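# Descriptive analysis of the structure
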Amino acid sequence: MAPYRTAILLLLSLLGTSESSSLRPPSQWERTSPASDNTIVRLQIGLKHNGFDELERRLGEISDPSHSQYGRHLSRTEIETLVKPSPDAIQATREWLYSNGVIDFEHVAGDWVTASVPIRQAEALLNCTYHKFVHTEDGDTLIRTLDWSLPDHLRDHIDVVQPTNSFLRPVAQDRYGGQPAPSWDVEGRLPTYEELVDEDIIDRGHLDIPTLEELPKNPTILDGCNRIAVSPLCLRVMYGTLGYETQSIDKNKIGVVNFLGNNNNRSDIARYLELYRPDAAKAGAADAFETVLIAGAEDQQTPNTPEQLNRNMGLEGAFDVETLLGVGYPTPLIAWNVGGKPPFQASQHRKENSNEPYMEWLNHVLAQDSLPPVISISYADEEQTVPEDYARRVCEGFAKLGARGVSVIVASGDDGVGVNGKCFSNDGSNKPKFLPTFPASCPFVTSVGATRHLDPVMVGFDARGGFMSGGGFSDYFDRPKYQDSAVKSYLKGLNTTYRGLYNPDGRGIPDVSAMGYHHTIVWNGIAHLLDGTSGSAPTFAAIIALINDALLAEGRPPLGFLNPWLYSSALTGLKDVSFGSNRGCDTLGFDSVEGWDAATGLGTPWFPKLKEIALASAFRYQRPWYMNY
């Protein structure tokens, strides 16, 4: 693991099949002891429904620029009506819980039932035994069961229960990154991969970063950027947002999620804005954004303890919010802190952590009448670590957000096509394979890869921190219709390369890309350089938020689910990337080529053109901004 790689690890909710489920744990997890009697499990039970096909059809219509319903987003009530389980499913589930002594439960988000129960009661419900599992590399612990089942009469009513047997742990997608200019820069030639590796591993002292006052009237990227230390001013010049005047800050908003103990330290953010976005600092932006606490989360603003520093608590939170404010200010921001681990404070009644925050967050936001039109998520992990049925239910949740007019922006991952030496299936066959990431593989999110360098732009990586932009093809989700033309062309060029290591019929990752190399951030009061798609995703999210600002100013709804638009009308607003590859799995990975590719997607955004295209859409359904999206 890279010396400064963040130790912030996410734990997503778990799943089993409706009748029964049994599997072996991934190779890095060891079962130790039975779960403590004092453990409380918050069960989340997904009820079956028949409405998703209709929801997907409606989402396709309202996200297609050529359709007459484009932009006619659905309300919370409309979506809950579409996916409402049958009365029989609801009644059977209630009777099952009552008969097992569970009388305190909640019906949430239309198709989920949640209940906090003692571990032994959960075991009785699911006919299982929960154990503590320990990760052999970092010592993290999970409370899981490998074998569980439901009564036969519930098989037609329940399709997911968690936490049960998933070992998915999404990882924050960030890595740590004055020397004389290298020879290739002096000579004005394209560097080789090996020369860029040499540049990455150099220890750096002070780095000069351009300021707004130093820029000419019409700055170029070279005017606004230091390629070794990428500031928000550089990003604003690079993607064309510098000089845009927001018009709809009373109607617009960006959302960001802090999972499993991550937080946003406002003093760090204030210092960052003083250095790199002084107009936002002067306006008090570090203290102005809203924080919502979910599932017992905290909003710690005191200095980190030594233990918290050791696991880099708040590093991902700093990266996300500083990037969003650095590029998207003055668009209002809302941050959700979701409880979980780390940190976890043991008590007399809760000595082990069995929290499952991902569905806590998703069900929370779906229950709100008003949502930010853009949400940025900077977490990812191997798709194969989550059972497929559960991945599909989470993906349904993202589809619901898209139908409500929310653009969900997700990091594509930081391990290329997979970590060298660890690219094997976890189904017991140990088959060599590339490792796509989730939730980037969900076809209802916009997956963002990373780039580096200024001219030419190339696939993002940093040899110092072990970072390589993620990409590939899903093993769970089929290629969506909106990707057909672009991805088939790329596959034709691949021919037989890597045959058997990836799924050629799967959803392609990423959709787009943005700078992910050596972002300047402030964490723990100190300036750092950070790499990762954790910088790319919020950068792209902030740009989409500014496009929404222009749309809302004209009384139009926000963009919503982006991908059908990106792969059609918006193509001319994206700049192709055709240098480099996303190495991994002891291979060179997928090449970045002309057109879509599995390293940089369709390319990087150019805000002026994307805004022009969005405003020119002729079929956008007119609906007042204050209506529920």
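It should be noted that the structure appears before, not after, this text.
A brief structural summary. (Residues numbered from 1 in each chain as written. Predicted model: local features only at pLDDT ≥ 70, side-chain atom pairs only at ≥ 80, totals over all residues. Heavy atoms only, no water.)

### Regarding the environment of Thr32
With respect to the helices and strands, Thr32 occurs in strand E2 (residues 29-34). Separated by 101 residues in sequence, Thr32 and Phe133 have C-alpha atoms that sit 5.8 Å apart. (Helix = DSSP H or I, 4+ residues; strand = E, 2+ residues; numbered from the N terminus.)

### Let's talk about the side chain of Arg393
Within the secondary structure, Arg393 is located in helix H15 (residues 388-403). Taking relative accessible area as the criterion, Arg393 reaches 4% and is therefore assigned buried. Those residues in contact with Arg393 that sit more than four places away from it in its chain are Gly46, Leu47, His49, Asp111, Trp112, Asp159 and Val160. (Buried < 20%, exposed > 50% of the residue type's maximum accessible area, 1.4 Å probe, protein only. Contact = heavy atoms within 4.5 Å.)

### Topic: the sheet that holds strand E7 (residues 141-144)
Across the sheet, which stays open at both edges, the 3 strands sit in the order E2-E6-E7 with antiparallel pairing between neighbours. On the outer flanks of this sheet lie E2 and E7, each paired with one strand and no other. For this sheet, the mean inter-axis angle between neighbouring strands, taken without regard to orientation, is 35°. For E2 and strand E6 (residues 131-135), the ladder comprises 4 bridges, and the chain directions are antiparallel. Among the inter-strand pairings, Trp29 is bridged to a residue of E6, identified as His135. (Pairing = 2+ DSSP bridges. Axes fitted to C-alpha atoms, helices over the stretch in contact; angles between N-to-C directions.)

### Quick word on the state of the cysteines
Applying the stated criterion to the full structure yields 3 disulfides. Across a sulfur-sulfur distance of 2.0 Å, Cys225 and Cys234 are joined as a disulfide pair. Judged by the sign of its S-S torsion, about 95°, the cystine formed by Cys225 and Cys234 is right-handed. Residue Cys225 shares its accessibility class with Cys234, and that shared class is buried. (Disulfide = S-S within 2.5 Å.)

### A closer look at the environment of Thr533
Assignment of secondary structure puts Thr533 in helix H17 (residues 533-553). Separated by 85 residues in sequence, Thr533 and Val448 have C-alpha atoms that sit 6.9 Å apart.

### What about the environment of Phe467?
Looking at the secondary structure, you find Phe467 in strand E22 (residues 467-468). C-alpha of Phe467 to C-alpha of Gly413: the two residues are 54 residues apart in sequence and 9.2 Å apart in space.

### Examining the packing of aromatic side chains
How two aromatic rings sit relative to each other is set out by the distance from centre to centre and by the angle between their planes. The tally for this structure, following the rule as stated, stands at 21 aromatic pairs. Note on Phe259 and Trp361: the rings are 6.1 Å apart at their centroids and 85° apart in plane angle, and the pair reads as edge-to-face. A residue pair is termed long-range when its members are at least 10 positions apart, and Phe259 in the loop between strand E12 (254-258) and helix H9 (266-276) and Trp361 in helix H14 (residues 357-366) qualify at 102 residues. Both residues of the pair, Phe259 and Trp361, count as buried. With a centroid separation of 5.8 Å and 65° between ring planes, the pair formed by Trp336 and Trp361 is classed as edge-to-face. One end of the pair, Trp336, is in strand E14 (residues 333-338); the other, Trp361, is in helix H14, with 25 residues separating them in the sequence. (Phe/Tyr/Trp six-rings, centres within 6.5 Å; stacked < 30°, edge-to-face > 60°.)

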